[in-house]
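Results of the structural survey
Next come the chains, spelled out residue by residue.
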Amino acid sequence: MGEKKKASKTAADGVGDGNPSWAVRPSPVHGRGVFATRKIQADEVVHVAPVLLFSDEEYESLAETLLVDYVFEWHEGGVALALGVGGLFNHDPDANLRYELCDDGDPAKPAHVYVAERTIKKGEELCINYGDDYAEWHGWL
């Protein structure tokens with residue numbers, strides 16, 4: 001994922017100045033996507049998605065289902081399934097969002113925090129970079 005940056009601005013689950021910062025709608029990239037409903041500033045937290053954690057053994061079962069496309073590697077091993085709109089951000093190698101793994105040392109609070117990499121225009125699709133391994137697995141590289 002590259003160098004981690006600390007989010008300088010915060011927004012509680014997509015609400016910064018009182019206006020929702022995103023909406024789910026059909027995407028020209030793939031099925032559904034998440035789109036900015038207002039200008040989003042660089043380093044603004046766009047969404048905090050709680051995650052469900054699965055062990056490597058449980059992943060073997062998930063890999064047999066459509067959930068295989070919605071899980072992310074977790075920093076302590078295993079995988080995480082992002083809830084909220086976390087699983088709806090489409091891939092872009094030049095992504096305008098990054099996600100950070102957050103557990104605050106509390107196993108009851110694991111989450112992905114989605115943060116703007118740059119200023120994002122209203123109407124722009126919000127995307128993350130799934131990584132080269134995933135893109136290669138899907139034949140995108």
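Residues numbered from 1 in each chain as written. Predicted model: local features only at pLDDT ≥ 70, side-chain atom pairs only at ≥ 80, totals over all residues. Heavy atoms only, no water.

**With respect to the sheet that holds strand β9 (residues 125–128)**
Condition: DSSP-based pairing: two strands are paired if at least 2 bridges between them are found. The helix and strand labels rest on DSSP assignments: H or I over at least four residues marks a helix, E over at least two residues marks a strand, and numbering proceeds from the N terminus.
Judged by pairing direction, the sheet is mixed, and its four strands sit side by side in the order β1-β2-β9-β6 without closing on themselves. Only two strands of the sheet have a single partner each, and these edge strands are β1 (22–26) and β6 (90–91). Sheet topology note: the β1/strand β2 (residues 32–36) ladder contains five bridges and is antiparallel. Of the residues in β2, the one forming a bridge with Val 24 is Val 34.

**Let's talk about a negative patch on the surface**
Rules: Within the patch definition used here, like charges are joined within 9 Å and nonpolar side chains (Val, Leu, Ile, Met, Phe, Trp, Tyr) within 5 Å, considering only residues with over 30% relative accessible area and no salt bridge. Accessibility throughout is a Shrake-Rupley quantity obtained with a 1.4 Å probe, and a residue counts as covered only by protein chains that appear here. Salt bridge, as applied in this entry: a Lys or Arg side-chain nitrogen positioned within 4 Å of an Asp or Glu carboxyl oxygen. In this count, Lys and Arg are taken as positive residues and Asp and Glu as negative ones, while His and the chain termini are left out. Charge positions are represented by NZ for Lys, CZ for Arg, CG for Asp and CD for Glu.
Judged by side-chain charge, Asp 56, Glu 57, Glu 58, Glu 60 and Glu 64 come together as a negatively charged surface patch. With respect to the helices, strands and loops of the structure, Glu 60 is situated in helix α1 (residues 56–62).

**Side note on the pattern of salt bridges**
For the record, the criterion: Residue exposure (1.4 Å probe, protein chains only): buried if accessible area is under 20% of the type maximum, exposed if over 50%, otherwise partly exposed.
Taken as a whole, this structure holds five salt bridges when the rule is applied. Between Asp 43 and Arg 98 there is a salt bridge, with its nearest N and O atoms 3.4 Å apart. Note that Asp 43 is positioned in the loop between β2 and β3 (45–54) and Arg 98 in strand β7 (residues 97–102), a separation of 55 residues in sequence. The partner of Glu 100 in a salt bridge is Arg 98, and the shortest N-O contact between them spans 3.0 Å. No difference in accessibility class separates Glu 100 from Arg 98, as the two residues are buried. Here the salt bridges do not stand alone but share partners, grouping Asp 43, Arg 98, Glu 100 and Glu 117 into one network.

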